[in-house]
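Chain residues, written in single-letter form:
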Amino acid sequence: MMGFIKHSLVLAAVLLTGCVSYSQHQLPDVKTWPPAAATPAAKPSAFVRTTAQNQVNSGPAVAASGAQATAWETSVAETFRDSGRFARVSTDKVESDIYAEATLRNNEQFSMASAIITGATFFVIPSTAENTFTLETVFKDKDGKELGRVQKSESVRTWMHLVLIFGIPFQQDTRDVVQALTRSTLEEAVQRRLL
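If you're wondering where the values come from, they're calculated on a predicted model, not measured in any experiment. (Residues numbered from 1 in each chain as written. Predicted model: local features only at pLDDT ≥ 70, side-chain atom pairs only at ≥ 80, totals over all residues. Heavy atoms only, no water.)

Chemist: So what exactly am I meant to see when it comes to the environment of Ser65 here?
Modeler: Assignment of secondary structure puts Ser65 in the loop between β3 (62–63) and α2 (67–82). The class of Ser65 is exposed, set by a relative accessible area of 63%. (Helix = DSSP H or I, 4+ residues; strand = E, 2+ residues; numbered from the N terminus. Buried < 20%, exposed > 50% of the residue type's maximum accessible area, 1.4 Å probe, protein only.)

Quick look at the structure:
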C-alpha cells in the first residue's frame, strides 16, 4: 500500500507540473493594421519564402522542422495576405513582383543546470528560459535586385514550476509572436517604400 501511495505521489507531481510563457513586449506596437500608407492602384503579387531555424544557447543554428516550423511559415504567409498590400501571396515559387525571403531564428537561452534541478525535483524548484525570435526579411524585385531588408526581434520568457499547472491556459502562442514580427516588418517596409 505504501508503494502505491509513493508511486501515486510521484505520478501526480509529474502530471501536475506546468509552465507559463509571456512576451517581453520589446517590439513596438503596430500603429495601424493593415498598413495605412497609400495602397498602389495595381497591387503587386508576392512570393514569400520562410525558413525557420532553432538555436540553443550559443550552439549552432539548425533548420527547424515539424508542426511548429510549419505553423510559423503559415503565420508569416497569412500575415502577408491579411496586409491587403498584395494582389496575390504565394508560398509556391511562381513569377511575382515582390520576392520576400523571411528567415525566422528562435534562440533559446537557458541554464542546463537549472533545468536538470527542476526536472530532478519534479518542478518543485522552478527554472526559466528565454526565447528570442528574430525575423529578418529581404525584399527583392522581380529581377532579383534587393530593395531592402527589415529585421525585428521579440523575446518570450517561460517559467517552469509545479504550481504553474494553472498557468497552462495562459501560454504564449509563438504563432502570435511570429504574426506580430511580420506585421511590424510589413509596417516598416511600407514606411520605407520597399513595397
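Chemist: What exactly am I supposed to notice about the nonpolar core here?
Modeler: As a rule of thumb, soluble globular proteins bury nonpolar side chains together. Trp72, Phe80, Leu104, Phe133, Phe139 and Leu181 are the most contacted members of the largest nonpolar core, which has 26 residues in total. Elements that contribute at least two residues to this core include exactly β2 (45–56), α2, β5 (98–110), β6 (127–141), β7 (146–161) and α4 (174–191). The dominant element in this core, judged by the number of residues it contributes, is α4, at five residues. (Core = buried A, V, L, I, M, F, W, Y, C linked by side-chain atoms within 4.5 Å.)

Chemist: What exactly am I supposed to notice about the side chain of Ser96 here?
Modeler: Mapped onto the elements, Ser96 comes out in the loop between β4 (88–90) and β5. Judged by relative accessible area, Ser96 falls into the buried class, the value being 2%. Reaching out from Ser96, the side chain makes a polar contact with the backbone oxygen of Val94 at a distance of 3.1 Å. Excluding residues within four positions of it along the chain, Ser96 makes contact with Ser45, Ala46, Phe47, Arg88 and Lys142. (Polar contact = N/O pair within 3.5 Å; in protein donor to acceptor, adjacent residues only side chain to side chain. Contact = heavy atoms within 4.5 Å.)

Chemist: Help me out: how do you make sense of the pattern of salt bridges in this one?
Modeler: Two side chains that carry opposite charge are able to pair once their charged atoms sit near each other. For the structure shown, the criterion picks out eight salt bridges. With its nearest N and O atoms 3.1 Å apart, the salt bridge here joins Arg149 to Glu136. Here the residue Arg149 occupies a position in strand β7, and Glu136 occupies one in strand β6, the gap between them amounting to 13 residues. Owing to a relative accessible area of 17%, Glu136 belongs among the buried residues under this scheme. Among the ionic pairs, Glu146 bridges to Arg149, the shortest N-O distance being 3.1 Å. A relative accessible area of 38% means that Glu146 is categorised as partly exposed. The class of Arg149 is partly exposed, set by a relative accessible area of 40%. Here the residues in one salt-bridge network are Arg105, Glu136, Glu146 and Arg149, joined through shared partners. (Salt bridge = Lys/Arg side-chain N within 4 Å of Asp/Glu carboxyl O.)

Chemist: Would you explain unusual backbone geometry in this entry?
Modeler: Across the chain, the bulk of peptide bonds are trans and the bulk of non-glycine residues have phi less than zero. Residue Pro34 is bonded to the preceding Trp33 through a cis peptide linkage, with omega at 0 degrees. Along the chain, Pro34 falls in the loop between β1 (18–23) and β2. Although it is not a glycine, Phe123 adopts a positive phi angle of roughly 70 degrees. Considering the arrangement of structural elements, one finds Phe123 in the loop between α3 (112–120) and β6. A positive phi is found at Arg193, a non-glycine position, where the angle reads about 60 degrees.

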